[in-house]
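Fold and geometry: a report
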Amino acid sequence: MAESNHETRRGGRTASADVRVEPQPWGRLEWMVSGAQGNSDTLTIGKCFILPGQSNPVHHHPNCDEVLHVLKGLIRHRVGDEYVEMAPGDTISIPMGSVHNAENIGEDTCELLICFDTASREVVGE
């Protein structure tokens with residue numbers, strides 16, 4: 001039998017009861033996949049909920065790229081000195097180290113899917 005060069009990586013299902021919720025003054029973060037959750041060695045996946053008229057702090061990730069996808073609501077997203085309005089279905093890729101944040105410009109709580117290319121994302125400024 002030939003030897004495999006593939007290492008075994010962690011994976012697994014996250015039940016809704018096991019989602020890690022982090023309340024924030026501006027909304028909340030929910031984490032489904034990460035090294036801390038024990039179900040990935042390479043990714044962090046979560047949702048960000050921002051209340052109407054609120055924004056998450058300006059921050060950056062020194063160790064990973066981020067992809068943000070709008071599920072519900074309207075946001076004005078800042079990356080560096082550029083601002084873009086985003087609606088459901090819109091996606092943005094944020095390079096490692098780029099200063100960014102999202103402001104809810106709609107009337108309802110917005111819901112964003114957030115993905116990072118590391119199991120242990122670092123945040124500066126949040």
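Read on for an overview of the structure. (Residues numbered from 1 in each chain as written. Predicted model: local features only at pLDDT ≥ 70, side-chain atom pairs only at ≥ 80, totals over all residues. Heavy atoms only, no water.)

**Re the nonpolar core**
As a rule of thumb, soluble globular proteins bury nonpolar side chains together. Core analysis: the largest hydrophobic core is formed by 17 residues, its most contacted members being Cys 48, Ile 50, Leu 68, Ile 75, Leu 112 and Ile 114. The element that contributes the greatest number of residues to this core is strand E9 (residues 110-116), accounting for four residues. Beyond its immediate sequence surroundings of up to four residues, Ile 75 is in contact with Leu 68, Val 70, Val 84, Glu 85, Met 86, Ala 102, Glu 103, Asn 104, Ile 105, Cys 110 and Leu 112. (Core = buried A, V, L, I, M, F, W, Y, C linked by side-chain atoms within 4.5 Å. Buried < 20%, exposed > 50% of the residue type's maximum accessible area, 1.4 Å probe, protein only. Helix = DSSP H or I, 4+ residues; strand = E, 2+ residues; numbered from the N terminus. Contact = heavy atoms within 4.5 Å.)

**Focus on the pattern of salt bridges**
If you walk through the whole model with that rule in mind, you get seven salt bridges. Among the salt bridges present, the one from Asp 41 reaches Arg 10, with a minimum N-O distance of 2.7 Å. Highlighted residues: Asp 41 in the loop between strand E2 (27-33) and strand E3 (44-50) and Arg 10 in the segment before strand E1 (20-24), separated in sequence by 31 residues. Under the relative-accessibility criterion, Arg 10 is labelled partly exposed at 39%. (Salt bridge = Lys/Arg side-chain N within 4 Å of Asp/Glu carboxyl O.)

**Considerations on the sheet that holds strand E6 (residues 82-86)**
The three strands are arranged E6-E5-E8 in an open sheet whose pairing can be described as antiparallel. In the strand order of this sheet, the two ends are held by E6 and strand E8 (100-104), each with one partner. With direction set aside, neighbouring strand axes in the sheet form an average angle of 20°. Relative to E6, strand E5 (residues 75-79) is paired through five bridges, and the arrangement is antiparallel. Looking at E6, one finds that Ile 75 is bridged to Met 86. (Pairing = 2+ DSSP bridges. Axes fitted to C-alpha atoms, helices over the stretch in contact; angles between N-to-C directions.)

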